[in-house]
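# Observations on the model geometry
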Amino acid sequence: MSTQRKTIIAGNWKMNKTMGEGKDLVSAIAAATKGKADLPEVVVCPPFTLIHEVAEAAKGSAVKVGAQNMDYRDEGAYTGEISPVMLTKLGVTHVIIGHSERRQFFGETNGTVNLRLKAALKHNLVPIVCVGETLDEREEGLTDAVIRRQTAASLADIDETDLETIVYAYEPVWAIGTGKTCEAAEADRVCALIRATVNEFYSKGEGPKSSAADQIPVLYGGSVKPSNIAEQLALPNIDGSLVGGASLTAPDFVALIEAGSKRVKLTPSGA
Ligand code: 13P
């Protein structure tokens, strides 16, 4: 494996867990990772209501806390929204942006993904930007066009120096929560396409390619489980996982972290 890129195992709890349950889950993950060498970057993204207790329980451990979404404005009359300022004050370090469920059910567009990405960077949050095609798009042969469009649109007016902070996640919509995993080789190909698209976005004509783009971690998400993660992480373009269902129980999530550790061991500078 040639990459120097970081390995990241991130859990997206979605609309699951209540007070107490969140604390128990993160405490179990923190205990299982305590003192372990070669850990990947471990992130859990609970619902907003649990961020405070999860961040408290994760203190002093290797587990970082992310949000599943955020508004792009700092404050104001936006009923029901949560701002990046509020999140950073809670100890949040990461934020998922443009998840397909936000795009599908809550009106997120490529334009608002770009605004959120800029807001995350402004507030020193690590953005995990999700892109992915629907089943119809895949069946119509539009996968690559959709991935290129979503990736390039997310980067509008973003400085190349910010690439150091950005993480992408390839999440084919048809593989989310369905038990249908994207074949590892195909997931690897699309992860490479995301990085190539970033590269082209910042390349000037025939001039040098963006070396910063080569360092962007790209995760795969969609029915990742302990039984299929190893073959995904064995491939050169998949730098980690964004996990829904299997992040909701400690034994499964810890098994995924252990698979991430194996990748870190193979790429020591990528921890
Ligand atoms: P599942 O792992 O449940 O398919 O969810 C993937 C996902 O949407 C993570 O953001």
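Residues numbered from 1 in each chain as written. Predicted model: local features only at pLDDT ≥ 70, side-chain atom pairs only at ≥ 80, totals over all residues. Heavy atoms only, no water.

## Quick notes on the packing of aromatic side chains
The criterion, for reference: Between rings of Phe, Tyr and Trp, where Trp is taken as its six-membered ring, a pair exists when centres lie within 6.5 Å; planes separated by under 30 degrees are stacked, by over 60 edge-to-face, and by other angles tilted. When accessible area is computed with a 1.4 Å probe and restricted to protein chains, residues below 20% of their type maximum are described as buried, those above 50% as exposed, and intermediate ones as partly exposed. Note on geometry: a ring has a charge over it if NZ (lysine) or CZ (arginine) is within 6 Å of the ring centre and within 35 degrees of the ring normal.
Per the stated rule, a full pass over the model turns up 3 aromatic pairs. Taken together, a centroid distance of 5.0 Å and an interplanar angle of 70° make the contact between Phe 201 and Tyr 202 edge-to-face. Judged by its relative accessible area of 35%, Phe 201 is partly exposed. Stacked on the ring of Tyr 72, the Lys or Arg Arg 73 has its end atom at 4.5 Å from the ring centre. The ring of Phe 106 has Arg 102 lying over it, and the distance from NZ or CZ to the ring centre is 4.1 Å.

## Some thoughts on the pattern of salt bridges
Between side chains of opposite charge, pairing is possible as soon as their charged atoms come close. Convention followed: Salt bridges are defined as contacts in which a side-chain nitrogen from Lys or Arg sits within 4 Å of a carboxyl oxygen from Asp or Glu. Going along the chain from the N terminus, every DSSP run of H or I of four or more residues is numbered as a helix, and every run of E of two or more is numbered as a strand.
Counted under the stated rule, the structure contains 16 salt bridges. Across the pair Lys 6 and Glu 41 runs a salt bridge whose closest N-O atoms are separated by 3.0 Å. One end of the pair, Lys 6, is in the segment before strand E1 (8–12); the other, Glu 41, is in strand E2 (residues 41–45), and 35 residues separate them in sequence. The exposure class of Lys 6 is partly exposed, given its relative accessible area of 35%. Note that Lys 64 and Glu 41 form a salt bridge whose closest N and O atoms lie 3.5 Å from each other. Placement of Lys 64 in strand E3 (residues 63–67) and of Glu 41 in strand E2 is noted, with a sequence separation of 23 residues between them. We classify Lys 64 as partly exposed; its relative accessible area is 34%. Look at the salt bridges and you will find they share partners, linking Glu 133, Arg 138, Asp 144, Glu 186 and Arg 189 into a network.

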